[in-house]
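Given next are the chains, with one letter for each unit.
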Amino acid sequence: MDPEMDSQLKIGFIGAGNMAFGIAKGILSGNVLPVNVKVSAPSSRNLGRFQELGIAVTHSNVEVVCGSDVVFVAVKPHLVPLVLNEISQHITDRHIIVSVAAGVTLATVEELLPENTVAIRLMPNLPCMVQEGALLFARGTHAKQEDGALLRSLLHRCGLVEEGPEAWIDIHTGLSGSGVAFVYLFAEALAEGAVKMGMPSALAHSIASQTVLGAGRLLRDSGKHPAQLRSEVCTPGGTTIYGLHTLEQGGVRAATMSAVESATERARELGRKSAAGGRK
Amino acid sequence: MSVGFIGAGQLAHALGVIATHRITASSPDTDLPTVSGLRKMGVNLTTSNKETVSKSDVLFLAVKPHIIPFVLDEIGPDIEDRHLIVSCAAGVTISSIEKKLLQYRSAPKVMRCMTNTPVVVKEGATVYATGTHAEVEDGKLLEQLMASVGFCTEVEEDLIDAVTGLSGSGPAYAFTALDALADGGVKMGLPRRLAVRLGAQALLGAAKMLLESEQHPGQLKDNVCSPGGATIHALHVLESGGFRSLLINAVEASCIRTRELQFLADQERISPAAIKKTTLDKVLQQPGVTVSGKTDSGLV
């Protein structure tokens, strides 16, 4: 995308939580200048860290909308209808509205905003905060390819950015939104295994987290299939294959598949509920 | 170059397909079902192990492991420099065979191989280990022979137990899987014969794809699984049942049992209970055959 255009672009955030912060950091490490970014939140509690980045803050959602081209709606799902009602009359055809709210469908968003509004639904995940997020977006009815491309270029410093049909967003939630927690569970269990074997807890945790990080980087950067990488670690009759056998006996694979399935099903269910609630 | 088999059972029958060379096979028991099969292949059958030895250059020992020491004592005096002894007995070490034969020759050429039943359709999986006095050329010769009936490669002797667990027993795992897959097909409405045919072809095709591909089987699996499709649902069921760990356990169990058998075989003792009296009688009737003078052989 055109870096000059990026630097002219005005970005707004309604909501000042972790997701908004992570995305803001990512955007600023590109071509967008802090002076062109504004954040609103009802209380000042979370605004400090935005100010530290040179971003203007306010308590007025309308102010953010009027002063921005791209608006990230990053409030809790149950507040979305309220916020959209509030800002609706200020939306023009230059705006791109990006909803980051879990479980809130594009249909709901589009219903609450003027006809022809360009809306995009974005599902980030927690590691956006350290610029290692996995983000999936789905374009709304009036969002064109260029709008998707613009969003992609804004977000590319946040981590991995991909586009997909809206149906994939719930799966992404299960895989990568919740998936982060599954990894934390695994890391904790790794550490506990080490503690059981006699290593002090703090050291075990620190090594466990580095192991997860290192393995993750190798996986991402090697381009190899995880099964291939796994085979490469397993020397014949060695420690790893023994450990893996124990994992297989514990049914870890099936449990993990089921976990993604449960989380996805729940995301779908929540989406249905919110759609039902949002209807006037 | 002629090939001989001591023992005319399943293994001799399976390997008898290496029929481009003159083959002799011997067994005291001419009632074995495999014997007629061997005859049909044009194999020269005899009840005399000595005759087999004299007519062969490469001599396969295709008898049950606990019979090996007995056979070695019998044929020991007749082994000559030209002979290459290839033992196919599970769990019988090269060193135990060499130890026996060193009583008769100073440098007996011994090799050990582990093969599997699909040699009968020329898709065997064979490994061999080379003994102290066997040369590299002897290994190459054996490899050439066995490569004519499938895959063959040399390994370190201490891996042979693992090979037994994997490819030795492997066909049995496959037959079990195929039987069950066919059941699945029948349950969902297929006629049995068709179900068996399709199941076997599916595994055959998958194995062939893997052997001809550079890709990891995990990748090949992914290539079959369309998102949200039938296959990934089925795979989840397999994973939930501990499919992978069962297979790992099976290979491990077979390997461990092979090691146990090796331990038993190394004892060098055969109890009278292990050999049929009628068989023993027939062997002892052979001219020039005497039971080894060692009283601890356990034979009466």
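Quick caveat, the model's predicted, so the values are computed rather than measured. (Residues numbered from 1 in each chain as written. Chains lettered and ligands numbered in written order. Predicted model: local features only at pLDDT ≥ 70, side-chain atom pairs only at ≥ 80, totals over all residues. Heavy atoms only, no water.)

Regarding its fold elements, chain B presents 13 helices and 8 strands. A buried classification covers 43% of the 300 residues belonging to chain B. The long-range share in chain B, meaning contacts at least 24 apart out of those at least 6 apart in sequence, stands at 66%. Only carbon and sulfur atoms are counted for the fraction: they give 60% of the accessible area of chain B, which is about 16000 Å². (Helix = DSSP H or I, 4+ residues; strand = E, 2+ residues; numbered from the N terminus. Buried < 20%, exposed > 50% of the residue type's maximum accessible area, 1.4 Å probe, protein only. Contact = heavy atoms within 4.5 Å. Areas by Shrake-Rupley, 256 points an atom, 1.4 Å probe, with all protein chains shown as cover.)

Residue and element names in this part refer to chain B. In terms of residue burial, strand 7 (residues 124-130) counts as a mostly covered element, since 6 of its 7 residues are buried. Taken together, the 4 bridges between strand 6 (residues 109-114) and strand 7 define a ladder with antiparallel strand orientation. Bridge pairing in strand 7 links methionine 114 to valine 127. Here 5 bridges tie strand 7 to strand 8 (residues 150-154), and the two strands are oriented parallel to one another. (Pairing = 2+ DSSP bridges.)

Turning next to the domain arrangement of chain A. Residues and elements named next belong to chain A. Segmenting chain A into domains produces domain 1 (3-164) and domain 2 (173-268). Of note, the centres of domain 1 and domain 2, computed from C-alpha atoms alone, are 33 Å apart. The partner domain 2 presents 6 residues to the 6 residues of domain 1 that form the contact. For the pair domain 1 and domain 2, the two sides together bury roughly 440 Å², of which 56% comes from carbon and sulfur. Summed over the three residues of domain 1 that lose the most area to domain 2, namely Met123, Asn125 and Glu132, the buried surface amounts to 61% of that side. The tally of links between domain 1 and domain 2 comes to 1 salt bridge. (Domains from an automatic or database assignment. Buried area = accessible area lost by both parts, 1.4 Å probe. Salt bridge = Lys/Arg side-chain N within 4 Å of Asp/Glu carboxyl O.)

Turning our attention to the interface of chain A and chain B. Interface size is often expressed as the accessible area that is lost when the parts come together. Each partner contributes to the interface: chain A provides 13 residues, whereas chain B provides 13 residues. Around 1200 Å² of area is buried between chain A and chain B when both sides are counted, 59% of it from carbon and sulfur atoms. Three residues stand out in chain A for area buried against chain B, namely His225(A), His245(A) and Met257(A), and they jointly supply 41% of the buried area on that side. Across the contact surface, chain A and chain B share 0 salt bridges. When contributions to the side of chain A that touches chain B are tallied by element, the ones reaching two or more residues are helix 11 (226-233), helix 12 (239-249) and helix 13 (252-278) of chain A. At 5 residues, the largest contribution of residues to the side of chain A that touches chain B is made by helix 13 of chain A. Of the residues belonging to the side of chain A that touches chain B, the class tally is 3 nonpolar, 6 polar and 4 charged. (Nonpolar A, V, L, I, M, F, W, Y, C, P; charged D, E, K, R; others polar.)

This part is about the sheet that holds strand 4 (residues 70-73) of chain A. Residues and elements named next belong to chain A. Ordered in space as 3-2-1-4-5-6-7-8, the 8 strands form an open sheet in which the pairing is mixed. Of all strands in the sheet, those bounded by a partner on one side alone are strand 3 (56-58) and strand 8 (159-163). For this sheet, the mean inter-axis angle between neighbouring strands, taken without regard to orientation, is 20 degrees. In the sheet, strand 6 (residues 118-123) pairs with strand 7 (residues 133-139) via 4 bridges, with the strands oriented antiparallel. Residue arginine 121 lies in a different strand from strand 7, and its bridge partner there is alanine 138. Packing of helix 8 (residues 167-177) onto the sheet brings it into contact with strand 6, strand 7 and strand 8, and relative to strand 7 it is tilted by some 170 degrees. (Axes fitted to C-alpha atoms, helices over the stretch in contact; angles between N-to-C directions.)

Residues and elements named next belong to chain B. Residues given the UniProt feature "binding site: NADPH" (unreviewed entry) here are Asn49. Structurally, asparagine 49 is set in helix 3 (residues 49-55). Given the relative accessible area of 7%, asparagine 49 is considered buried. If we skip the residues at most four places from it in the chain, asparagine 49 touches Ile6, Ser26, Glu74 and Ile75. (UniProt positions renumbered as here; feature names shortened; annotations may be inferred.)

With that out of the way, let us pick up the UniProt feature "domain: Pyrroline-5-carboxylate reductase dimerisation" (unreviewed entry) in chain A. As recorded in UniProt, the sites labelled "domain: Pyrroline-5-carboxylate reductase dimerisation" (unreviewed entry) are residues 166-270 of chain A. Annotated as 85% helix and 0% strand, the span residues 166-270 of chain A places its first and last C-alpha atoms 14 Å apart.

Residues and elements named next belong to chain B. Pairing is mixed across the open sheet formed by 8 strands, whose spatial order is 3-2-1-4-5-6-7-8. The open sheet has two free edges, formed respectively by strand 3 (44-46) and strand 8, since each of these has just one partner strand. When strand polarity is set aside, the average angle formed by the axes of neighbouring strands in this sheet is 20 degrees. Two strands pair when backbone bridges link them, and strand 2 (residues 23-26) and strand 3 are joined in this way by 3 bridges, in the parallel orientation. Of the residues in strand 3, the one forming a bridge with alanine 25 is leucine 45.

Residues and elements named next belong to chain A. Following the criterion strictly, the structure yields 3 aromatic pairs over all chains and no others. Consider the rings of phenylalanine 13 and phenylalanine 72, whose centres lie 5.0 Å apart with planes at 10 degrees: the pair is stacked. Placement of the pair is phenylalanine 13 in strand 1 (residues 11-14) and phenylalanine 72 in strand 4, with a sequence separation of 59 residues. For the ring pair phenylalanine 21 and phenylalanine 50, a centre distance of 5.3 Å and an interplane angle of 75 degrees mean the geometry is edge-to-face. Highlighted residues: phenylalanine 21 in helix 2 (residues 18-28) and phenylalanine 50 in helix 3 (residues 48-52), separated in sequence by 29 residues. Each member of the pair, phenylalanine 21 as well as phenylalanine 50, is classed as buried. Just above the ring of phenylalanine 21 sits the side chain of arginine 49; from NZ or CZ to the centre is 4.6 Å. (Phe/Tyr/Trp six-rings, centres within 6.5 Å; stacked < 30°, edge-to-face > 60°. Lys NZ or Arg CZ within 6 Å of the ring centre and 35° of its normal.)

All names here are of chain B. One way to put it is that helix 8 (residues 170-187) packs onto helix 9 (residues 192-212) with a least axis distance of 8 Å and a crossing angle of 130 degrees. Regarding the angle of helix 8 to helix 9, the classification is oblique. Once helix 8 is placed against helix 9, the crossing between them reads as right-handed. For the pair helix 8 and helix 9, contact is made by Leu178, Asp179, Leu181, Ala182, Asp183 and Val186 and by Arg192, Ala195, Val196, Gly199, Ala200 and Leu203, respectively. (Parallel < 35°, antiparallel > 145°, perpendicular 65-115°, else oblique. Left-handed = near helix turned anticlockwise from the far one by under 90°.)

The next subject is a nonpolar patch on the surface. Residues Phe186(A), Leu190(A), Leu247(A) and Val252(A) make up a contiguous nonpolar surface patch of roughly 290 Å² in combined accessible area. Its location among the elements puts Phe186(A) in helix 9 (residues 179-196). (Patch = residues over 30% accessible without salt bridge, like charges linked within 9 Å, V, L, I, M, F, W, Y side chains within 5 Å.)

Residues and elements named next belong to chain A. Look at the UniProt record and you will see "binding site: NADPH" (unreviewed entry) annotated at Asn61. As for its placement among the helices and strands, asparagine 61 is situated in helix 4 (residues 61-66). Its relative accessible area of 12% is what places asparagine 61 among the buried residues. Those residues within four positions of asparagine 61 in sequence are excluded, and the remaining contacts are Ile14, Ser40, Val83, Glu86 and Ile87. Reaching out from asparagine 61, the side chain makes a polar contact with the side chain of serine 40 at a distance of 2.7 Å. (Polar contact = N/O pair within 3.5 Å; in protein donor to acceptor, adjacent residues only side chain to side chain.)

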